[in-house]
Structures are given as C-alpha cells and as structure tokens.
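# Geometric and topological summary
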Amino acid sequence: MTDRYAVIGNPIEQSKSPLIHTAFAQVTGQDIEYTKVLGPLGGFAQAVDAFRAAGGRGMNVTAPFKLDAFAYATDLAPSAQMAGAVNAMKFEGERVYAENFDGVGLVRDVVHNLVYPIAGKRVLVLGAGGATRGALLPMLAQLPAELVIVNRTVAKAEELAALGRQHQSGQVPVQGLGYDQLADRGFDMVFNASSSSLTAELPPIRASVFAAGALAYDLTYGKGLTPFLKLAQEAGVTHLADGVGMLAEQAAEAFLWWRGVRPDTKDVIRQLTVPLV
Ligand code: NDP
C-alpha cells in the first residue's frame, strides 16, 4: 500500500517539497505519495488531524505553522526543542514525533556538498529568526573558531548567543551584536539567515565582513544573485551559495527518518538550482 506524506503551509503553492520527495522516492524505490496541504490560518490542528485520519504517515511543516507543529507534537526531538519550531512530523498511532532538520541540513550542505569545513573558521550569521535558531547547535557542534550573530533587533541576537553559550562548554566564543557593532571585522564564512533576500534588500553590512577566501551563503534560495551575494561578489568572494542545498539536505534527513534510507541529493539540487549570475 502506498504511504502518504505531505507538506503543510499557507501559502503552499510555491513549495518544492513534493518535487523533492517524489524524486527521492523514485531513486530509492520507496512506494510513497507526497502532496501539498493548504492549512487554513488558525486551523492547523484540524488539517493535520484530517490528514492523519486519512492514513497520513508524516508531514513537513512550513511557514507559518512551525510553531503550531511544535505545540501539536507529543514527542519533540532535541533539534525541535532547541529551535523552538518543528519542520517534520511522523505519525505513529497517537504519537506525533517531531524534528527540525533545517540546521543539520545547512551544515551538511556546507561541509559535505560544498566541502567547506566549519571547524576553526570565523563564522558570521546575519539574522536571529527561526533559521538561525535551528542552525545554532549544529553549527557549534562543528567547532568554529568563533560564532557571531548580528540582527536588526539586537536583543534577539543576544538571546540566541546566550543560548549557544549555554549549550556548549565554552569551546566556541559566541557573540550577539547589532550591525553597527561589527566595525571592520572579517569572517571566513558569512551566512545570510535574515529574510532580507525575500524582499531584495541588503542587510546593513559592509564588504569588509568577507575575509580573503570567504564563503558567502544566502539561506534564501531560488532568487539568483541576491543583494547579499552581489555585495560578496563585488568584494571579490568566489565561494557563493544559496539555500537550495540546505533545502534538499533537510528533505533528505526527513526522508531517512521516515523511510530508513537516505537519498542522494545531487540530482534534486541540480534540478532546483537557479544560477547565481
Ligand atoms: P524569521 O522571520 O524567523 O526571521 C527573519 C530574520 O530576518 C529576523 O532576524 C529579521 O530581523 C531579519 N530581517 C528581515 N528583513 C531584514 C532586512 N531587510 N535586513 C536585515 N534583517 C532582516 O525567518 P526565518 O529565520 O525562518 O528565515 C530566514 C530566511 O531563511 C528566509 O529567507 C527563509 O526563506 C530562509 N530559509 C531557508 C531554508 C532552506 O531550506 N534553504 C529553511 C529555512 C529558512 P528582526 O528580528 O530585526 O526583525
């Protein structure tokens, strides 16, 4: 019998998850159907209840429901607890197991696909929303030389930095700052985890944040050369990437968790890549 999965969000038309999981199922020979569910605002629980009642085995969760899924779950994995948000659920009888694979997906894309070790690097993360929160521990586990989080709302950067310090035993210095406190500091890896690229805006950084040989990584995907990546390119950065690999890798983690087999992501990444020109 075909097992049913879906992604729930609002809006949901733009989601690439059905394409990704259907491709994964084909290459791994898994008999699954993966669809999109438009969750009504304020009606997340009812929509998920209905999907489960119809035999659904698991769901991915996208905006604006990641916090609703956190509240809905019966069993939260440490990744979901840390992120305060859920992006994948597995249904077993009355139990709702919940994970957040965004952070591990990002780290796997950088370290494995881009072959760019985080260990020993000076890392700057722009933005202090859900994506940064999810990436925090997986990044710290790679033991960078330091991790600096900057955000428009400085208190949120400070809060995440404190959380990062709390969850490791002092090996990695972690700081939360405002953009104006960056001065002329340079970093080996700069991640744009703000949503600025969705509105084609540039976070208030200077070209000097990119040290020689730096990686510039925009978590937003499918937008081509965003203002952030353009600044990096103009500063002479040659290692540019967007979040398409992160998207594929978090999906592969969910697929492994649901089906027990990890699909290769290369073809899906190639299919979804919008050139950075
Ligand atoms: P949130 O809404 O939780 O956080 C948004 C963050 O962006 C906040 O820190 C906000 O600052 C900051 N911000 C918004 N606009 C600007 C701007 N113009 N200049 C500077 N900072 C700005 O979003 P998420 O953390 O969930 O997502 C962030 C990005 O990551 C999105 O673009 C999303 O598409 C992408 N993403 C990609 C994934 C992938 O698989 N590739 C997975 C998850 C997210 P403030 O707090 O001051 O408002």
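Now for a look at the structure at hand.

What counts as what
Residues numbered from 1 in each chain as written. Predicted model: local features only at pLDDT ≥ 70, side-chain atom pairs only at ≥ 80, totals over all residues. Heavy atoms only, no water. Helix = DSSP H or I, 4+ residues; strand = E, 2+ residues; numbered from the N terminus. Rg over C-alpha atoms; globule rule 2.2 N^0.38 Å. Buried < 20%, exposed > 50% of the residue type's maximum accessible area, 1.4 Å probe, protein only. Contact = heavy atoms within 4.5 Å. Areas by Shrake-Rupley, 256 points an atom, 1.4 Å probe, with all protein chains shown as cover. Lys, Arg positive; Asp, Glu negative; His and termini not counted. Charge placed at Lys NZ, Arg CZ, Asp CG, Glu CD. Pairing = 2+ DSSP bridges. Axes fitted to C-alpha atoms, helices over the stretch in contact; angles between N-to-C directions. Near = heavy atom within 4 Å. Polar contact = N/O pair within 3.5 Å; in protein donor to acceptor, adjacent residues only side chain to side chain. Arc of directions from axis to C-beta. Core = buried A, V, L, I, M, F, W, Y, C linked by side-chain atoms within 4.5 Å. Salt bridge = Lys/Arg side-chain N within 4 Å of Asp/Glu carboxyl O.

It is worth spelling out the overall build of the chain at this point. Along its length, the chain carries 10 helices and 12 strands. Taken over C-alpha atoms, the radius of gyration comes to 19 Å for the chain, in line with the 19 Å a tight globule of 277 residues would show. With the C-alpha coordinates aligned to their principal axes, the bounding extent of the chain is approximately 60 × 35 × 30 Å. By the burial criterion, 52% of the 277 residues in the chain qualify as buried. Nonlocal contacts in the chain, meaning residues at least 24 apart in sequence, comprise 68% of its contacts between residues at least 6 apart. In the form shown here, the chain has an accessible surface area of approximately 12,300 Å², with 54% of it arising from carbon and sulfur atoms. Computed over 23 positive and 26 negative side-chain charges, the inter-centroid distance for the chain is 2 Å.

A separate point is the sheet that holds strand β1 (residues 3-9). Pairing is mixed across the open sheet formed by six strands, whose spatial order is β2-β1-β3-β5-β6-β4. Every other strand in the sheet has two partners, leaving β2 (32-38) and β4 (75-76) as the edge strands with one partner each. Where β1 and strand β3 (residues 56-61) come together, five bridges link them in parallel fashion. Note on β3: the bridge partner recorded for V7 is N60. Of the strands in this sheet, β1, β2 and β3 are in contact with helix α1 (residues 17-28), which crosses β2 at around 175°.

Attention shifts here to the site of the ligand. Of all residues adjacent to the ligand, which total 23 residues, the nearest are A131, N151, T153, K156 and T220. The separation between an oxygen atom of the ligand and a polar main-chain atom of A128 is 2.9 Å. G243 is positioned such that a nitrogen or oxygen atom in its backbone is 3.0 Å from a nitrogen atom of the ligand. Here the ligand has 930 Å² of accessible area as a free molecule, and 78% of this is covered by the chains. Taken together, the elements giving at least two residues each to the shell around the ligand come down to α6 (130-140) and α9 (244-259).

For the rest of this paragraph, the subject is helix α2 (residues 44-53). Structural remark: α-helix, 3.6 residues per turn; residues separated by three or four positions point the same way. Those residues of α2 that sit buried are F44, A47, V48 and F51. Looking straight down α2, one finds its buried side chains confined to an arc of 95°; they lie on one side. For α2, the exposed residues lying more than 90 degrees away from the buried face are Q46 and A53. On its buried face, α2 sits against β1, β2, β3, α3 (66-72) and β5 (88-92).

Counting 29 residues, the largest nonpolar core has L106, V110, F191 and Y217 as the members making the most contacts within it. Setting aside residues up to four positions removed in sequence, F191 forms contacts with L106, V110, V123, L124, V125, L126, M139, Y217 and L219.

Before going further, it helps to spend a moment on the pattern of salt bridges. Two side chains with opposite charge may pair up if their charged atoms get near one another. Tallied over the entire structure, the rule returns 16 salt bridges. A salt bridge links E13 to K36; the shortest N-O distance between them is 3.5 Å. A residue pair is termed long-range when its members are at least 10 positions apart, and E13 in the loop between β1 and α1 and K36 in strand β2 qualify at 23 residues. Given the relative accessible area of 33%, K36 is considered partly exposed. We note a salt bridge from R206 to D184, for which the minimum N-O separation is 3.1 Å.

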